[in-house]
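# Chain and residue survey
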Amino acid sequence: MKIAVIGATGNLGGAVAREATTRGHEVTALSSRDVDVLDPASIKTAVAGHDAVVASVKGADHLVPRGLAALLDALPDAGVDRLLFVGGGGSLTSPEGGRFVDSPGFPAQYLETALDQAAALDLLRAADTTVDWSYVSPPPVHLVQGDKTGGYRAEATDTPLTDGRGESRISTGDFASAIVDALERRAFVRQRFTVAY
């Protein structure tokens, strides 16, 4: 496939770009210098001719949902019908029933980004679009730096996946692997999925 990765200079976007390249896909690594994620015309120019777009963005002033709206506007005009949006884990449901981002102990330094990521998920679920989107959430807390092990679970659910000890965790390498797998298999279309061991 020909895959455009928006946010390829970031931690997760870079991991996805490397994983896709390793598998032999043609990857266009895009940073904020290459594309204005808030400008549909800029997006259209950058991604036209690709089979899929992976977007891993964050920033102030509600950049995440505003950027997603621009992507949904631009991709049909660019002839791209597949979007995989790298979202957050804060919108996953806690054992108490609410979203992690709404819990009293949610870390203040991540709150704005988590709320923006949750807003992006709501926007996707409500969108009337021809784009086959997927929204991927890491575990709410334990997305850890690390290489690919080749073993992970991915499921379309709003609840974190946990191991036998009740922990929900994944390495950046396996998280990136799950994203590229979803693209290759055209899995989780119009769904949020999450990944963990």
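Below is a short write-up of the structure. (Residues numbered from 1 in each chain as written. Predicted model: local features only at pLDDT ≥ 70, side-chain atom pairs only at ≥ 80, totals over all residues. Heavy atoms only, no water.)

What follows covers the nonpolar core. As a rule of thumb, soluble globular proteins bury nonpolar side chains together. With 29 residues, the main nonpolar core has Ile6, Val47, Val53, Leu71, Leu75, Leu83 and Phe85 as its most contacted residues. The element that contributes the greatest number of residues to this core is helix α3 (residues 63-78), accounting for 9 residues. Sequence-distant contacts of Leu75, that is, excluding residues within four places in its chain, are made with Ile43, Val47, Val53, Val80, Leu83 and Val131. (Core = buried A, V, L, I, M, F, W, Y, C linked by side-chain atoms within 4.5 Å. Buried < 20%, exposed > 50% of the residue type's maximum accessible area, 1.4 Å probe, protein only. Helix = DSSP H or I, 4+ residues; strand = E, 2+ residues; numbered from the N terminus. Contact = heavy atoms within 4.5 Å.)

Moving on to helix α4 (residues 108-126). Taking 1.5 Å per residue as the helical rise, α4 with its 19 residues ought to reach 27 Å, and the 28 Å between its terminal C-alpha atoms agrees with that figure. When we look at burial in α4, the residues that qualify are Ala114, Asp116, Gln117, Ala118, Ala120, Leu121 and Leu124. Looking at the buried side of α4, the elements it contacts are α3, β4 (82-86), β5 (132-137) and β9 (191-196). (Expected span 1.5 Å × (residues − 1).)

Pairing is mixed in the open sheet, where 7 strands are placed in the order β2-β1-β3-β4-β5-β9-β7. In this open sheet, the two strands that pair with only one neighbour each are β2 (26-30) and β7 (153-155). Each neighbouring strand pair of the sheet contributes to a mean axis angle of 20°, computed without reference to strand direction. Along the sheet, helix α5 (residues 172-185) contacts β1 (2-6), β3 (52-55), β4, β5 and β9; its crossing angle with β4, the most-contacted strand, is approximately 160°. (Pairing = 2+ DSSP bridges. Axes fitted to C-alpha atoms, helices over the stretch in contact; angles between N-to-C directions.)

Moving on, we come to the environment of Leu84. In this fold, Leu84 is placed in strand β4. Note on Leu84: relative accessible area 0%, which makes it buried. The spacing of Leu84 and Arg192 is 108 residues in sequence and 9.8 Å in space, taken between C-alpha atoms. Beyond its immediate sequence surroundings of up to four residues, Leu84 is in contact with Val53, Val54, Ala55, Ser134, Val136, Ile179, Ala182, Leu183 and Phe193.

It is worth spelling out helix α1 (residues 11-22) at this point. The first and last C-alpha atoms of α1 sit 17 Å apart over 12 residues, in line with the 16 Å expected at 1.5 Å per residue. Among all positions in α1, only Leu12, Gly13, Gly14, Ala15, Val16, Ala17, Glu19 and Ala20 are buried. Summarising the contacts, the buried residues of α1 are in contact with β1, β2, β3, β4, β6 (142-144) and α5. With its phi angle positive at about 95°, Gly24 sits one or two positions after the end of α1.

Let us look at the side chain of Asp116. Positionally, Asp116 belongs in helix α4. Although Asp116 lies buried, it forms no salt bridge, and the closest oppositely charged side chain, Arg66, sits 8.6 Å away as judged by the N-O distance. When residues no more than four places from it in sequence are discounted, the contact partners of Asp116 are Gly59, His62, Leu63, Val64 and Pro65. (Lys, Arg positive; Asp, Glu negative; His and termini not counted. Salt bridge = Lys/Arg side-chain N within 4 Å of Asp/Glu carboxyl O.)

Next up on the list: unusual backbone geometry. Positive phi outside glycine occurs at Arg186, with the angle close to 45°. Along the chain, the position of Arg186 falls in the loop between α5 and β9. With relative accessibility at 38%, the residue Arg186 sits in the partly exposed group. In this model, Phe188 sits at a positive phi of 55°, which is unusual for a non-glycine residue. As for its placement among the helices and strands, Phe188 is situated in the loop between α5 and β9. By relative accessible area, which is 19% here, Phe188 ends up buried.

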